[in-house]
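# Structural characterization, general
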Amino acid sequence: MRSGGIFDYDFKKERYEEVTRELESPELWQDPAAAQALTKERSILEKIIHALDNLKMAVSDNQELLNMALDSQDEESI
């Protein structure tokens, strides 16, 4: 899923994993400002990824419900 900007899911997921690895480095914590910045970035990325995952699941669920309604010709559900 690549669409750029805030919705560039693949980039955000890769960056989240990269930041998480960086935060595991003991050397990073010798620079509290850098560690704080990465912690904040990871938190923001985590929220965006979670929100996009939820949207993707909701769209998929709604698509499945629509297909079921179409298959059963349920006009009210459609």
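Residues numbered from 1 in each chain as written. Predicted model: local features only at pLDDT ≥ 70, side-chain atom pairs only at ≥ 80, totals over all residues. Heavy atoms only, no water.

### Section: the overall build of the protein
Within the protein, the secondary structure is distributed over two helices and zero strands. The C-alpha radius of gyration computed for the protein amounts to 19 Å, which surpasses the reference 12 Å derived for 78 residues by more than 25%, pointing to a less compact arrangement than a globule. Taken along the three principal axes of its C-alpha coordinates, the protein extends 65 × 20 × 15 Å. Burial statistics for the protein: of 78 residues in total, 19% are counted as buried. Put simply, the protein shows about 6,200 Å² of open surface, and 54% of that area lies on carbon and sulfur atoms. Treating the 9 positive side-chain charges of the protein as one cloud and the 18 negative ones as another, the clouds have centres 9 Å apart. (Helix = DSSP H or I, 4+ residues; strand = E, 2+ residues; numbered from the N terminus. Rg over C-alpha atoms; globule rule 2.2 N^0.38 Å. Buried < 20%, exposed > 50% of the residue type's maximum accessible area, 1.4 Å probe, protein only. Areas by Shrake-Rupley, 256 points an atom, 1.4 Å probe, with all protein chains shown as cover. Lys, Arg positive; Asp, Glu negative; His and termini not counted. Charge placed at Lys NZ, Arg CZ, Asp CG, Glu CD.)

### Comments concerning helix H2 (residues 32-71)
For H2, with 40 residues, the first-to-last C-alpha span of 58 Å sits near the 58 Å given by 1.5 Å per residue. Those residues of H2 that sit buried are Ala-35, Leu-38, Leu-45, Ile-48, Ile-49, Leu-52 and Ala-69. Those residues of H2 that are buried are in contact with helix H1 (9-23). (Expected span 1.5 Å × (residues − 1). Contact = heavy atoms within 4.5 Å.)

### A short note on the packing of H1 against H2
Two numbers describe a pair of packed helices, the interaxial angle and the distance between the axes. The N-to-C vectors of H1 and H2 enclose an angle of 145°; their axes lie 9 Å apart at closest approach. Classified by chirality, the crossing of H2 by H1 is left-handed. Contacts between H1 and H2 involve Tyr-9, Lys-12, Lys-13, Arg-15, Tyr-16, Val-19, Thr-20, Glu-22 and Leu-23 on the former and, on the latter, Ala-35, Leu-38, Thr-39, Glu-41, Arg-42, Leu-45, Glu-46, Ile-48, Ile-49, Leu-52 and Asp-53. (Axes fitted to C-alpha atoms, helices over the stretch in contact; angles between N-to-C directions. Left-handed = near helix turned anticlockwise from the far one by under 90°.)

### Quick notes on the nonpolar core
Val-19, Leu-23, Leu-28, Ala-35, Leu-38 and Leu-45 together form the largest nonpolar core, which totals six residues. Where this core is concerned, the elements lending two or more residues are H1 and H2. The element best represented in this core is H2, accounting for three residues. Excluding residues within four positions of it along the chain, Leu-23 makes contact with Leu-28, Trp-29, Ala-35, Leu-38, Thr-39 and Arg-42. (Core = buried A, V, L, I, M, F, W, Y, C linked by side-chain atoms within 4.5 Å.)

### Digging into unusual backbone geometry
For Gln-73, which is not glycine, the phi dihedral falls at a positive 55°. Relative to the helices and strands, Gln-73 is located in the segment after H2. Given the relative accessible area of 64%, Gln-73 is considered exposed.

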